[in-house]
Structure formats: C-alpha cells, structure tokens
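Tertiary structure, described
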Amino acid sequence: MAKAKRRRARDTWKEKSWYTIKTPIAFGDKEIEDTPSRDPDFLIGRGVEVTMRELTGDFSKQYIKLKFEVDNVAGDIANTKFTGHKVTTDYVRSMIRRGTSRIDTHVFIKTKDDQKMKLHVLAITTRRSKSSQQKFMRKTITELVEKLSSERSYEDVIETSVNGRMASEIYHKAKKIYPLKRVEIIKSKVLD
C-alpha cells in the first residue's frame, strides 16, 4: 500500500503585515490599535470600537463606545471614518430607578452640510409620567434635536452628541414641560 504524501500547511501569518489604525481628524487623529492583514484592501470596511476613555484618558467617559470604520489605507496607516457611538447598557440601567419613566426617542436628522444621522435620545423623568405626557415629550425632543442639528455642521453634531452638550441643551429646554432627571444621547448612527 502506497503512503499518501502530506502537504505542508502554509503559514499565513508570515504573509501578513501590520497596519496602524487611526481616528479621524475630528477625534484628534490618534492611534487606536495595530491590526494584521495580508492585503491593504482587506482592511477597508473593517470596524473598530474604542471607548472615549482610551482616546481622551478621561475616566468619567468610560461608558461611551465610539465606532469607526476603515475607509482608506496609506502605506502602513489605515484611516477611519466615524460611523456611530453607543452608551453601555450598564450605564443606562444605572440611571433608571423605580418611580421614574423612561422616554426613548429616535430622531432622523439632517445636518447643515446634508449629512444624515439617526440619534437615540433617552430622557428620564423624576417621577412616573402619563403616556400622553410621554408622547408630548417625544414630540418636543424630536423638534428640538432636528432644530439643533439643522443649524450645525456634521463634525459639530458628532462632537456635541458624543460629549453630552446637545443632551444638556435638550434637558434645559425640555425640563420646562415635565421635570426631568437626565437626558442622554445613548446611540448615534451615520446614515449613508
């Protein structure tokens, strides 16, 4: 009986090169991580998630996760674009208490420079509210967010929604309608 020849397994790690992934200029053009790839074209479209603490060093912003996607590669540097952010679920759950109401609002916005985004705004009341009051709050929050974002550029909308300034503006205007404990933009997504 003849012995079958065994083919030697090819080591694909030797074929790969390391690339440095960087944030967009709006986030300081900082290095996020290094990643291996056989071909630079395989990197395009790859998603990267990083916390705000890792970018800024601020521990109070640990609950914010930023999402980036590689859109071009120059040499051994992969540049990214911002695709959205989200707040961790444990942070959201820590804000909600018994006797309060959670008002979720999904808003589709268009910035001054015609970029479309989807924002998920969470408002928490100090005491339980009726469904009619919640409906009115949703309508008010939607109008406020659309007005604020239509006056701003794409980069400015991203910056204010991630660092909490837009949520603060919404809080100060919406608390006149019903007493609010907290307003937070818990998710954003850039639409193509």
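Residues numbered from 1 in each chain as written. Predicted model: local features only at pLDDT ≥ 70, side-chain atom pairs only at ≥ 80, totals over all residues. Heavy atoms only, no water.

Judged by side-chain charge, D29, E31, E33, D34, E54 and D76 come together as a negatively charged surface patch. Ranked by the residues each element gives to the negative patch, the list is headed by strand 2 (residues 31–37), at three residues. Residue classification places D34 among the partly exposed residues on the basis of a relative accessible area of 48%. (Patch = residues over 30% accessible without salt bridge, like charges linked within 9 Å, V, L, I, M, F, W, Y side chains within 5 Å. Areas by Shrake-Rupley, 256 points an atom, 1.4 Å probe, with all protein chains shown as cover. Salt bridge = Lys/Arg side-chain N within 4 Å of Asp/Glu carboxyl O. Lys, Arg positive; Asp, Glu negative; His and termini not counted. Charge placed at Lys NZ, Arg CZ, Asp CG, Glu CD. Helix = DSSP H or I, 4+ residues; strand = E, 2+ residues; numbered from the N terminus. Buried < 20%, exposed > 50% of the residue type's maximum accessible area, 1.4 Å probe, protein only.)

The sheet contact formed by strand 5 (residues 77–87) and strand 8 (residues 180–191) spans three bridges and is antiparallel. By the bridge assignment for strand 8, G84 is matched with K189. Here strand 7 (residues 116–125) pairs with strand 8 via ten bridges, running antiparallel. Along strand 8, the bridge assignment pairs V121 with I185. (Pairing = 2+ DSSP bridges.)

The subject of this paragraph is helix 5 (residues 165–174). Restricting attention to buried positions, one finds in helix 5 the residues M166, A167, I170 and A174. Axial view of helix 5: buried residues confined to an arc of 100 degrees, hence all on one face. Elements that come into contact with the buried residues of helix 5 comprise strand 7, helix 3 (131–150), helix 4 (154–163) and strand 8. (Arc of directions from axis to C-beta. Contact = heavy atoms within 4.5 Å.)

This paragraph deals with the domain arrangement of the protein chain. Taken domain by domain, the protein chain comprises domain 1 (17–87) and domain 2 (98–191). Taken over C-alpha atoms, the centre of domain 1 sits 26 Å from the centre of domain 2. Contacts between domain 1 and domain 2 engage 13 residues on the former and 13 residues on the latter. When domain 1 packs against domain 2, the two sides together hide about 960 Å² of surface, and 61% of this comes from carbon and sulfur. On inspection of domain 1 and its partner domain 2, the count reaches zero salt bridges. When residues in the side of domain 1 that touches domain 2 are grouped by element, the largest group, six residues, is from strand 5. When its residues are assigned to classes, the side of domain 1 that touches domain 2 shows eight nonpolar, three polar and two charged. (Domains from an automatic or database assignment. Buried area = accessible area lost by both parts, 1.4 Å probe. Nonpolar A, V, L, I, M, F, W, Y, C, P; charged D, E, K, R; others polar.)

What follows covers the pattern of salt bridges. Within this structure, the stated rule accounts for eight salt bridges. Here E159 ties to R165 by a salt bridge, and the two come within 2.9 Å at their closest N and O atoms. A residue is classified by how much of its surface remains accessible, and E159, at 43% relative accessible area, is partly exposed. The partly exposed category is assigned to R165, whose relative accessible area is 41%. Three or more residues joined by partner-sharing salt bridges are found here, namely R152, D156 and E169.

What follows deals with the packing of aromatic side chains. Taken as a whole and assessed by the stated rule, the structure comprises four aromatic pairs. Ring centres of F27 and F82 lie 5.4 Å apart, and the angle between their planes is 25 degrees; this geometry places the pair in the stacked category. Separated by 55 residues along the polypeptide, F27 in the loop between strand 1 (17–22) and strand 2 and F82 in strand 5 bring together distant segments of the chain. Classification of F27 as buried rests on a relative accessible area of 15%. Ring pairing ties together the aromatic residues F27, F68 and F82, which thus form one cluster. (Phe/Tyr/Trp six-rings, centres within 6.5 Å; stacked < 30°, edge-to-face > 60°.)

Our focus in this paragraph is the nonpolar core. Considering soluble globular proteins, one finds that nonpolar side chains tend to be buried as a cluster. One finds L66, F68, F82, M117, V145 and I170 to be the most contacted residues of the largest nonpolar core, which totals 48 residues. Per-element accounting of this core gives the leading share, six residues, to strand 7. When residues are assigned to domains, this core turns out to be shared by domain 1 (17–87) and domain 2 (98–191), each giving three or more. (Core = buried A, V, L, I, M, F, W, Y, C linked by side-chain atoms within 4.5 Å.)

Structurally, the position occupied by Y63 is in the loop between helix 1 (52–56) and strand 4 (64–74). The spacing of Y63 and K81 is 18 residues in sequence and 21 Å in space, taken between C-alpha atoms. Non-local contacts of Y63, meaning those with residues more than four positions away in its chain, are made with K86, V87, T88, Y91 and E184.

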